[in-house]
Amino acid sequence: MSPQTRTVGSSNPEYVNARVRARRAALFDEEEYRKLVRMSPSEIARFMEESEYETEINALGSRHSGVDLIEYALHANLAKHFDDLLRWAEGSLYEFIANYLRKFDAWNVKTIVRGVYAGADEETIESDLIRAGEFSDRELDRLLDARSIEEIVEQLSGTIFEEPLEDAFADYEETDTLVPLENALDRTYYEHILDNVGSVSGEPDDPITRYNEFLQAEIDFRNARNALRLARTGADIDPGEYFIEGGALFNRREMSGLVANREELLTRIEESTYGDRLDEALEELRDAESLIAFEHALDIALSAYADRLANRYPMTIASVLSYILAKEREVDNIRAIARGREAGLSEEEITEELVIL
Amino acid sequence: MAKDVKPTRKNLMAIEDRIDLSERGHDTLEKKRDGLIMEFMDILDQAKDVRSDLDSDYERAQRTLDMARAMEGDVAIRGAAEALKEHPEITLQSKNIMGVVVPQIESTRVKKGLDQRGYGVLGSSARIDEAADAYEELLETIILVAEVETAMKKMLDEIETTKRRVNALEFTLLPTLYENKEFIEQKLEEQEREEIFRMKKIKDKKEREEEEAEDEPDVTEGAPIPADD
């Protein structure tokens, strides 16, 4: 298996940005969320049938129903939009976008590995895939045909996941748990996110510098939430194993020390460049044990940062990145509303969980 | 019932022995019943507490799962659940409460660390952790509820059985034995009275005969004694 090669030739951010702007304008706004929150799951499905999601709802309507139909339609639509981005982009822009969308490749490989591990049938595994990454349908189908985890690892040779997965496979065989494989997939995605970013000038107005900062922030936020989760569990785990390289908040050795002292960890985040944006969430985290609100605040901060970058550098990769996050946010919000309504959550409870910027 | 009993002294002694044994058995069973009820009341309080914990734990677990499904998606939650192969183990032992054998359930591997749940830590979220945490706690409470409620049911069955035995002794066996004892005693007294009366009659008869014999003239007095041959 080999990654698609679209890096030859010059980049075309103007064209992609123009297309992305049109797509972004079609995303659901606050008013539409307000309407959705008051609807039942079937009404939401009908509302989606008359919106951007029409094709997916109609295509999947015969196989799924209720909130499952909504969730699968959201995934299919997300995949279609992100696939378009990869289709439009050329040169280094393609590389930037592909790097970022490889999270869906990692997701798909994890889904297939979990399916094979649990003995699920191919059709069930296939329906859970989000075909929004760089892997083509043919490559994903070949992975789906694999009968064992070893075969999946072999199929991934030639991709960024090859080497880390081969290393993790030995651990998997020893422990018979998927943790090493899943961690290897996620770590590989994050550690390759900064590939091909190019030279960072450090100038405040340099878009590449800002883009690099955004990706670093994403890695830092991921490290921060994982450090807090590890601090909370209290289990005898080496925090260094869960550290992702590439961030600026702390290094591997520092993280190991900070996990042992939660208060120090919170102070470190507070005093970092992210402190101002996470002030309230950190305060809440100190009062309550739950990390959920903090994670929610991290998601909002990251999305807001991407939007700010997009507004400031409209003709760069920042606009595409901001659109990717906005589209993911829309999918998350609609799913949260539909699942929340299904579970009987109140309008206020659902609204609190939505990320609307 | 009493008519079936032969009114003999031997039977009376046997019945008296049975009454003695039954009364002692009745006292012991009554004490056992009272003890069981006291133990049961303690277990009942415990059962009420764990049942209320179960309700709140279930509500919390369901809520965290609903929130996780809403925010992470059903596919992600299902995937995380599929990554877990190692199931909790339960060992059954037993303990004795006042002669009642109740189960003692020991569970292992219910509470898991972040690295033991099967799903990768790097790509998952605190919502999944909290749903897993809440369900692990729920499972522990379910096991505790199973232990306490089974003990409670077994105690209740034993109390019922003991109560039936106490009642059977108190309202059926002992009254019958008392009735039989009374019947035999009455019969024996009656026999004794008859015997006395009979003896009296015999004595009177004997006395009468003696008196008659004294009153009769001695015809043989002064008469020649005939020769034997």
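Starting afresh in each chain, residues are numbered from 1 along the sequence in its written order. Chain letters and ligand numbers both follow the written order, the letters beginning at A and the numbers at 1. This being a predicted model, a pLDDT of at least 70 is required before a residue's local features are given, and a value of 80 or more before pairs of side-chain atoms are given or counted; all residues contribute to the totals for chains, interfaces and linings.

## Let's talk about the interface of chain B and chain A
This is how the line gets drawn: Whether two residues are in contact depends on their C-beta atoms, placed from the backbone: they are in contact if these lie within 7 Å. Counting from the N terminus, the helices are the DSSP runs of H or I reaching at least four residues and the strands are the DSSP runs of E reaching at least two. Residue classes follow a fixed rule: Ala, Val, Leu, Ile, Met, Phe, Trp, Tyr, Cys and Pro count as nonpolar, while Asp, Glu, Lys and Arg count as charged, and any other residue, Gly among them, counts as polar.
Listed per partner, the contact involves 25 residues of chain B and 40 residues of chain A. At the level of elements, α1 (9-72), α2 (74-82) and α3 (126-215) of chain B are the ones that each hand at least two residues to the side of chain B that touches chain A. When its residues are assigned to classes, the side of chain B that touches chain A shows 9 nonpolar, 7 polar and 9 charged.

## Observations concerning the environment of N77 of chain A
All names here are of chain A. Basically, it comes down to this: Three exposure classes are used. Buried residues have 20 or more other C-beta atoms within 10 Å of their own C-beta, exposed residues have 12 or fewer, and partly exposed residues fall in between, all C-beta atoms being placed from the backbone.
Tracing the sequence through the fold places N77 in helix α5 (residues 66-88). Its 23 C-beta neighbours within 10 Å are what place N77 among the buried residues. Along the sequence, N77 and A288 sit 211 residues apart, while their C-alpha atoms lie 37 Å from each other. If near-sequence neighbours (up to four positions away) are discounted, N77 is found in contact with E52, Y53 and E56.

## Digging into the confidence of the model for chain B
Residues and elements named next belong to chain B. Put simply, the rule is: Residue-level confidence of the predictor is what pLDDT reports, using numbers from 0 through 100.
On average, chain B scores 89 in pLDDT, and the residues at 70 or more come to 93%. α2 is the least confidently modelled element of chain B, averaging 88 in pLDDT, while α1 averages 94, the highest of any element. The ipTM assigned to the predicted complex is 0.85, against a pTM of 0.80.

## Quick word on the environment of S10 of chain A
All names here are of chain A. Note on placement: S10 falls in the segment before α1 (13-25). On the basis of neighbour count, S10 is assigned to the exposed category, with 9 C-beta atoms found within 10 Å. Taking C-alpha positions, S10 is 9.8 Å from A89, a pair spaced 79 residues apart along the chain. When sequence neighbours within four positions are dropped, the list of residues in contact with S10 reads E90 and G91.

## What about the domain arrangement of chain A?
Accessible area lost upon the coming together of the parts is a frequently used measure of interface size. Rules: Annotation comment: domain bounds sourced from an automatic or database domain assignment.
As far as domains go, chain A holds domain 1 (10-88 + 327-357) and domain 2 (197-313). Look at where the C-alpha atoms of domain 1 of chain A and domain 2 of chain A centre, and you get two points 27 Å apart.

## Observations regarding the nonpolar core
In plain terms, the rule: Buried Ala, Val, Leu, Ile, Met, Phe, Trp, Tyr and Cys residues whose C-beta atoms connect them within 7 Å together make up a nonpolar core.
Counting 127 residues, the largest nonpolar core has I70, A73, I97, V109 and V320 of chain A as its most contacted members. Looking at this core element by element, the count peaks at 15 residues for helix α6 (residues 91-118) of chain A. Among the domains, domain 1 (10-88 + 327-357) and domain 2 (197-313) of chain A are the pair contributing at least three residues each to this core. In contact with V320 of chain A, not counting residues within four places along its chain, are V16, N17, V20, L85 and I97 of chain A. Of all hydrophobic cores here, the second largest spans 8 residues; its members include L36, F40, V100 and V148 of chain B.

## Notes on the packing of α1 of chain B against α3 of chain B
Residues and elements named next belong to chain B. For clarity, the threshold we go by: The axes used here are C-alpha line fits, helices contributing only the stretch in contact, and every angle between their N-to-C directions lies in the interval 0 to 180 degrees. Orientation labels follow simple angle bins: below 35 degrees gives roughly parallel, above 145 gives roughly antiparallel, 65 to 115 gives roughly perpendicular, and whatever is left gives oblique. Take the far helix as the reference: if the near one is turned anticlockwise from it by less than a right angle, the crossing is left-handed, and if turned clockwise, right-handed.
Axis separation between α1 and α3 bottoms out at 4 Å; the angle between their running directions is 165 degrees. Here α1 is positioned roughly antiparallel relative to α3, judged by the angle of their axes. Seen along the crossing, α1 lies across α3 with a hand that is left-handed. Residues of the contact of α1 with α3, tallied by class, amount to 40 nonpolar, 9 polar and 23 charged.

## Some remarks on unusual backbone geometry
Positive phi outside glycine occurs at D176 of chain A, with the angle close to 55 degrees. If you trace the backbone, D176 of chain A turns up in the loop between α10 (162-175) and α11 (179-192). Unlike most non-glycine residues, R109 of chain B shows phi in positive territory, near 60 degrees. For R109 of chain B, the location among the structural elements is in the loop between β2 (100-108) and α3. Given 12 C-beta atoms within a 10 Å radius, R109 of chain B is considered exposed.

## Re the pairing of β2 of chain B
Residues and elements named next belong to chain B. Which entries qualify depends on this criterion: Here, any two strands with at least 2 DSSP bridges between them count as paired.
Note that strand β1 (residues 89-97) and β2 share 9 bridges and pair antiparallel. When the bridges of β2 are listed, I97 appears paired with V100. Linking β1 to β2, which pair antiparallel, is a turn of 2 residues; within it M98 sits at a positive phi near 50 degrees.

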